[in-house]
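# Report on the structure
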Amino acid sequence: MNEIEISPGLNFFGNLVSFDCHIQDLKLVLQKTEEIKFPEREDVKEMQGLISDIFPDITRKAFIVALLVVLEDQFKTFCGILRNAKGLELKWNDLKGSALERFIAYSEKVGNLEKICDDSMRELVKGLFEVRNCIVHNNSSLEGFNKAEIIKSFSKQIQGVELRYGYVSFGLDACYACGDIVFRFMEYAYCRALKVFPSEH
């Protein structure tokens, strides 16, 4: 049986819709996880405060890490569609730089799309990547983290991202805001692609 060929426009549009669903699902999982109530036990009363401090922190940071994993996967998917649509030989990961830098360069310089993000959105996403790196590679501590200034700048722009005792922490609403940032960033890129490759939906 022959595979049905999907037009680039429909492929871009379908992946945008799928990405939106994925972000909403991540938010829902975070919300439901936040609603978990731990049973109180007399013999571990002193642990209740510890659980209320540690538990949300772990789940919220896991959300941020998952969010950036999904975003990097979108970079790969988006550039793959663009590569096939334009018959490009170069792959996005053939470029040098961070995932964000490669994605923007591939879309704009290699794929010749109009500017896919403004400077303020680019800085927000860059800050979010550095927050993820700090969580994963430095246990959320700014001490000794070489991009600490980027994280400090990011925390001033997103309400609920706090730097307590030299560690990055997230309020629940800040997590949702980060999800929205990631979606808006990709939505704009997909809209730029759809101007060149309209979908038939």
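Before going into details, it helps to say that this report is about the structure given with it. Computed from a predicted structure; not experimentally measured.

Moving on to the overall build of the protein. Across its full length, the protein carries six helices and two strands. Going from N to C terminus, the protein has its helices and strands arranged as α-α-α-α-α-β-β-α. Burial statistics for the protein: of 201 residues in total, 40% are counted as buried. Looking at the protein alone, contacts between residues at least 24 apart form 66% of all its contacts between residues at least 6 apart.

It is worth spelling out the side chain of Ser107 at this point. Mapping Ser107 onto the fold places it in helix H3 (residues 99–110). When its relative accessible area of 0% is taken as the criterion, Ser107 is described as buried. Setting aside residues up to four positions removed in sequence, Ser107 forms contacts with Phe78, Cys79, Leu82, Asn112, Leu113 and Ile116.

We now examine the nonpolar core. Core analysis: the biggest nonpolar cluster contains 57 residues, and Phe75, Phe78, Phe103, Phe170 and Phe185 have the highest contact counts within it. Of all elements in the fold, only helix H1 (8–34), helix H2 (45–86), H3, helix H4 (119–138), helix H5 (148–157), strand E2 (167–170) and helix H6 (172–196) reach the threshold of two or more residues within this core. Not counting residues within four places of it along the chain, the set of residues in contact with Phe103 comprises Phe75, Phe78, Cys79, Trp92, Ile116, Phe185, Met186 and Ala189.

To continue, consider unusual backbone geometry. The phi dihedral of Asn139 is positive, around 50°, even though this residue is not glycine. With respect to the helices and strands, the residue Asn139 is situated in the loop between H4 and H5. Under the relative-accessibility criterion, Asn139 is labelled exposed at 58%. We note that Tyr165 has phi near 50°; this positive angle belongs to a residue other than glycine. Taking relative accessible area as the criterion, Tyr165 reaches 82% and is therefore assigned exposed.

Here we come to the packing of H3 against H6. Helix packing for two helices is described by the angle between their axes and how far apart those axes are. Put simply, H3 and H6 touch, their axes get as near as 12 Å, and they point 20° apart. In terms of orientation, H3 lies roughly parallel with respect to H6. In the packing of H3 onto H6, the handedness of the crossing is left-handed. On H6, the residues that touch Leu100, Phe103 and Ile104 of H3 are Phe185, Met186 and Ala189. Tallied by class, the residues present in the contact of H3 with H6 amount to six nonpolar, no polar and no charged.

Rules used throughout
- Residues numbered from 1 in each chain as written.
- Predicted model: local features only at pLDDT ≥ 70, side-chain atom pairs only at ≥ 80, totals over all residues.
- Heavy atoms only, no water.
- Helix = DSSP H or I, 4+ residues; strand = E, 2+ residues; numbered from the N terminus.
- Buried < 20%, exposed > 50% of the residue type's maximum accessible area, 1.4 Å probe, protein only.
- Contact = heavy atoms within 4.5 Å.
- Core = buried A, V, L, I, M, F, W, Y, C linked by side-chain atoms within 4.5 Å.
- Axes fitted to C-alpha atoms, helices over the stretch in contact; angles between N-to-C directions.
- Parallel < 35°, antiparallel > 145°, perpendicular 65-115°, else oblique.
- Left-handed = near helix turned anticlockwise from the far one by under 90°.
- Nonpolar A, V, L, I, M, F, W, Y, C, P; charged D, E, K, R; others polar.

Read these as geometric descriptors, not functional statements.
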